[in-house]
Amino acid sequence: MEVLSKLMKDRFAMICIAFLVIVVLAGIFAPWIAPHSPIDVNVKEKLAGISTSYPLGADQLGRCIFSRLLYGVRTTVFIAFITMAVTVLIGTVLGAIAGVFRGKIDEIIMRVCDIFMSFPSEVMILAIIGMMGPGITNIVIASIIAKWAWYTRMIRSIVLKYTDKNYVQFARVSGFSRWHIFKKHIMPNTAGEIAVLATLDIGSVILMISALSFLGLGVQAPTPEWGMMLNEAKNVMIIRPELMLPPGIAILFVVAAFNFLGDSLQGAFNVKHGTKRR
Amino acid sequence: MRHYIIKRLLSIVPLLIGISFLAFILINLTESDPAEVALRVNEITPTETAVAEMREELGLDKPFIERYITWVTSSIKGDFGNSFINNQPVIDEIAQALPATLLLALVSFVIIIVVSVSASIICTMYEGRMIDRAIRGIVFFGEAMPGYWIGLLLMWFFSIKLNLLPTSGMSSWTSVILPAVTLALAYISTYVRLLRNNMVQIKSENFVLYAKARGMKESVILKRIFKNSLQSAITALGMSIPKLIAGTVIVENIFAWPGIGRLSVTAIFNYDYPVIQAYVFLMAVLFVVCNLLADIVTAILDPRMRKEV
């Protein structure tokens, strides 16, 4: 609760939270807010300017950019959420197993992590997409495979930090089972730090998903996605350069808000990771 | 020292085995049969006999372990097989594209060092003042900006609006400017942040206070602060070289730069497995070697780092 009150005092962090909540709500309620269907082609309105029915204009196929931006939240941001949730779950389970049980199993998990971390994540993702083919499910799987090792290792080190604490040692000497100690003492303490890690990193997941979709390896047309919208805007760059602005700014603001929130959370939880943002 | 290097060298052997194994099994995880893909991309109808012949030609009929060993031994010799698309040896294609990527990475590297070192020195000199806050603000947004978006905006502004630089390809020496700047921008934010925080931290150490008390010149003190913060910067830069080369993928595709990043994405679209496999394997080896070198350099610079292996 101390964390919450600290966070409440940080005005800019609250602005970020409010902004992100609005973005998520806009994504959820996109069908009710959007003035047009995001995939309906309307050649008459091709490259239309800003008007009341097209708040941000229309693209080269006459699709409403504002509506595509709203529906894009569902792909870009929500897919990043799913990716992050699964990655953190795997990292927590394996990291906790390694940190709590130590010994052989710890050794095995860490060596496997070493091998996975010896690939730069960009190469790893390209390799997996290369083998499984382009597509959004494959991108999610690829990013989970590329990231789980780093999370496992970070979470293990967080767990280890707490197992060295005196009250945990005391609980162990008192004869409590490992599972009990983990559930009672380690889990609640580590949860906050894991949340910080995930918030700091989700921006990079959004950037990666949109970058891959920009290359045509991720979300496939006609599903709206911010990175892909930029790719389409690239083709009409000479006649309508302003089409590059809405998706770019959307990505920039959402990622910046997550990064700032992560920094604030880190301050509020008073933790310092060797933040190696990847 | 020698003991440390030998130990560190030995530690990468299992890593290399693991990497090669991973790169190899990836191709075996595909849902589609490589033999069938190889036929399809050459527009040959994959009849049963044709597939069987292709399997034999690619050596897919042999047991898994035997195939792995054959692949590793020939990979070490530089033979990654032939591309499915044009039947050229993969190593030739990579050798052809590699210089372009290395040039791009080198130019970006120079930009990164020059800009981040000067920006972080300015920040340290004027800590807490207007200019420091301005640079940190830019850095903050720089980290959140999609690199390919910056690339597109730069391309629009400099090539289309001002018509100063070529939009794409590698036609003249000015072609490298836009892709290199785009690539560098993604890393500059990280390094300015790292170097600045490091230098500001060192600024409050006792030896700086002592130097100030002795009345040493501000520029001499700054030089000492900088030298002390170099170590972590070198490690970070060492790690960034393979990341830079891997990071060229997006930039090369925006600016149609004929490097290995573009080659690999084209290969993905064409299901050209041998090219993808070779790219992944070489990148991973490069990453391991650069990490090793960075570790050794750090160990030479700072004896405290030698203990951990």
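Parameters and conventions
- Residues numbered from 1 in each chain as written.
- Chains lettered and ligands numbered in written order.
- Predicted model: local features only at pLDDT ≥ 70, side-chain atom pairs only at ≥ 80, totals over all residues.
- Helix = DSSP H or I, 4+ residues; strand = E, 2+ residues; numbered from the N terminus.
- Contact = placed C-beta atoms within 7 Å.
- Buried ≥ 20, exposed ≤ 12 C-beta atoms within 10 Å, placed from the backbone.
- Nonpolar A, V, L, I, M, F, W, Y, C, P; charged D, E, K, R; others polar.
- pLDDT = per-residue confidence, 0-100.
- Axes fitted to C-alpha atoms, helices over the stretch in contact; angles between N-to-C directions.
- Parallel < 35°, antiparallel > 145°, perpendicular 65-115°, else oblique.
- Left-handed = near helix turned anticlockwise from the far one by under 90°.
- Core = buried A, V, L, I, M, F, W, Y, C linked by C-beta atoms within 7 Å.

A tally of helices and strands in chain B yields twelve helices and zero strands. Along chain B, helices and strands appear, N-terminal first, in the series α-α-α-α-α-α-α-α-α-α-α-α. Each principal axis of the C-alpha distribution contributes one length, and for chain B these read about 85 × 60 × 30 Å. Considering only contacts in chain B between residues 6 or more positions apart, those separated by 24 or more positions represent 71%.

Moving on to the overall build of chain A. Secondary structure summary: chain A contains eleven helices and zero strands in total. Dimensions of chain A along its principal axes, counting C-alpha atoms only, are 75 × 45 × 30 Å. Relative to its full complement of 278 residues, chain A shows a buried share of 42%. Of the contacts formed within chain A by residues at least 6 apart in sequence, a portion of 66% connects residues at least 24 apart.

Right, let's get into the interface of chain B and chain A. On the side of chain A, 34 residues touch chain B, which itself brings 38 residues to the contact. For the side of chain B that touches chain A, the secondary structure elements donating two or more residues are α1 (2–28), α6 (130–144), α7 (147–161), α10 (218–254), α11 (260–270) and α12 (273–301) of chain B. Looking at the side of chain B that touches chain A, the element that brings in the most residues is α10(B), giving seven residues. Considered class by class, the residues forming the side of chain B that touches chain A number 30 nonpolar, six polar and two charged.

Before going further, it helps to examine the confidence of the model for chain B. Residue and element names in this part refer to chain B. In the predicted model, chain B carries a mean pLDDT of 81, and 94% of its residues have values of at least 70. Element-level pLDDT for chain B is lowest in helix α2 (residues 34–41), with a mean of 71, against a maximum mean of 88 in helix α5 (residues 90–125). ipTM for the predicted complex: 0.80, alongside a pTM of 0.83.

Next up on the list: unusual backbone geometry. In this structure, Arg102(A) is a non-glycine residue whose phi angle is positive, near 50°. Secondary-structure assignment places Arg102(A) in the loop between α4 (65–101) and α5 (103–117). On the neighbour-count criterion, Arg102(A) (13 C-beta atoms within 10 Å) is partly exposed. Positive phi outside glycine occurs at Ala256(B), with the angle close to 50°. Here Ala256(B) lies in the loop between α10 and α11.

Right, let's talk about the confidence of the model for chain A for a bit. All names here are of chain A. Here chain A averages 83 in pLDDT, and 95% of its residues register 70 or above. The secondary structure element of chain A with the lowest average pLDDT is helix α1 (residues 2–9), at 75, and the one with the highest is α4, at 90. Counting interchain partners and residues more than four positions distant, the pLDDT-below-50 stretch residues 274–278 has seven contacts.

So, on to the packing of α10(B) against α11(B). Residues and elements named next belong to chain B. Relative to each other, α10 and α11 sit at 85°, their axes nearing to 7 Å. Taken as axis vectors, α10 and α11 run roughly perpendicular relative to one another. Two secondary-structure elements touch here, α10 through Thr248, Val249, Glu252 and Asn253 and α11 through Gly261, Arg262, Ser264 and Val265. Split into classes, the residues belonging to the contact of α10 with α11 amount to two nonpolar, four polar and two charged.

Attention shifts here to the environment of Ala13(A). Assignment of secondary structure puts Ala13(A) in helix α2 (residues 11–28). In contact with Ala13(A), not counting residues within four places along its chain, are Leu7(A), Phe260(A), Leu261(A) and Ser264(A).

All right, on to the packing of α5(A) against helix α7 (residues 136–163) of chain A then. All names here are of chain A. Between α5 and α7, whose axes approach to 8 Å, the crossing angle comes to 135°. By the criterion of interaxial angle, the relationship of α5 to α7 is oblique. Viewed along their axes, α5 and α7 form a crossing whose handedness is left-handed. On the side of α5, the interface is formed by Ile109, Cys113, Phe116 and Met117, while α7 contributes Ala149, Trp150, Thr152 and Arg153. Of the residues belonging to the contact of α5 with α7, the class tally is six nonpolar, one polar and one charged.

What follows deals with the environment of Leu102(B). All names here are of chain B. By the secondary structure assignment, Leu102 is in helix α5. For Leu102, a count of 14 C-beta atoms within 10 Å puts it in the partly exposed group. Taking the C-alpha atoms as reference points, Leu102 and Ile250, 148 residues apart in sequence, are found 15 Å from one another.

In this section: the nonpolar core. Grouped together as the largest cluster of nonpolar side chains are 140 residues, with contacts concentrated most on Val123(A), Ala127(A), Ile206(A), Leu230(A), Val280(B) and Ala284(B). In terms of residues, this core owes the most to one element, helix α9 (residues 178–215) of chain A, which gives 16 residues. Apart from the residues lying within four places of it in its own chain, the contact partners of Ile206(A) are Thr76(A), Val77(A), Ala80(A), Ile251(A), Val254(A) and Val255(A).

Mapped onto the elements, Trp32(A) comes out in helix α3 (residues 30–33). Each C-alpha atom, one on Trp32(A) and one on Ala198(A), is 30 Å from the other, the two residues being 166 residues apart in sequence.

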